[in-house]
Amino acid sequence: MAEYDYNFNMFDEGTSAPKAVPQKKARPAQRLQLVEETREVIRERVQISEKRNFISSLLIISVAIVLTAVVSSFIYLGASINEYDHKIASVQEELDIAQSQNVILNIKKDSMVSFDSVRETAEELGMIQRDRYQVTYFELAKEDYGVVK
């Protein structure tokens, strides 16, 4: 038979809530205090502060350069987009003019060639219009086709 191990230790105090584990509080690090302010100590503090100031000024300058580059690239790209928008607008205007001229020329062409003028020219040449009995319709099955070489 299987053996089971039951942990009833949590019921010893009469509650099923887990116990709070006390945690140690971390002490803040204490700075060392020098008793004497000697020339070497003062000189070292000045060097450290100068080094920090130099590093922070380099950081500020590099961030300023990066921001200037980003802003100038945005300005340049905006100007080039604006230039291309103007080019697109001028080409679109030319296209609209060409389309309107095309419509005008098509109307003129259609007015020059009418069915009445074609009929009159055909009658002058001795042609006659075909009648319904002169037209023969036939159907081809899908299998009946020929290939011309």
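Above this text is the structure in question.
Residues numbered from 1 in each chain as written. Predicted model: local features only at pLDDT ≥ 70, side-chain atom pairs only at ≥ 80, totals over all residues. Heavy atoms only, no water.

Concerning the overall build of the protein chain
Looking only at helices and strands, the protein chain has two helices and zero strands in total. Looking at the protein chain as a whole, 1% of its 149 residues are labelled buried. Put simply, the protein chain shows about 16200 Å² of open surface, and 60% of that area lies on carbon and sulfur atoms. (Helix = DSSP H or I, 4+ residues; strand = E, 2+ residues; numbered from the N terminus. Buried < 20%, exposed > 50% of the residue type's maximum accessible area, 1.4 Å probe, protein only. Areas by Shrake-Rupley, 256 points an atom, 1.4 Å probe, with all protein chains shown as cover.)

Remarks on the pattern of salt bridges
Across all of its chains, the model carries two salt bridges by this definition. In this structure, Glu83 and Lys87 form a salt bridge, with 3.6 Å as the shortest nitrogen-oxygen distance. Taken together, the positions of Glu83 and Lys87, both in helix α1 (residues 39–112) and four residues apart, correspond to about one turn of that helix. Linking Lys109 and Asp110 is a salt bridge whose minimum nitrogen-to-oxygen distance equals 3.9 Å. (Salt bridge = Lys/Arg side-chain N within 4 Å of Asp/Glu carboxyl O.)

Some thoughts on a negative patch on the surface
Together, Asp116, Glu120, Glu123 and Glu124 make up a negatively charged patch on the protein surface. Relative to the helices and strands, Glu120 resides in helix α2 (residues 115–124). (Patch = residues over 30% accessible without salt bridge, like charges linked within 9 Å, V, L, I, M, F, W, Y side chains within 5 Å. Lys, Arg positive; Asp, Glu negative; His and termini not counted. Charge placed at Lys NZ, Arg CZ, Asp CG, Glu CD.)

Some remarks on the environment of Arg119
Among the structural elements, Arg119 can be located in helix α2. Sequence separation of Arg119 and Gln129 is 10 residues, and the distance between their C-alpha atoms is 8.7 Å.

Side note on a nonpolar patch on the surface
A surface patch of nonpolar side chains, about 310 Å² in accessible area, is lined by Phe54, Ile55 and Leu58. Following the sequence through the fold, Ile55 ends up in helix α1.

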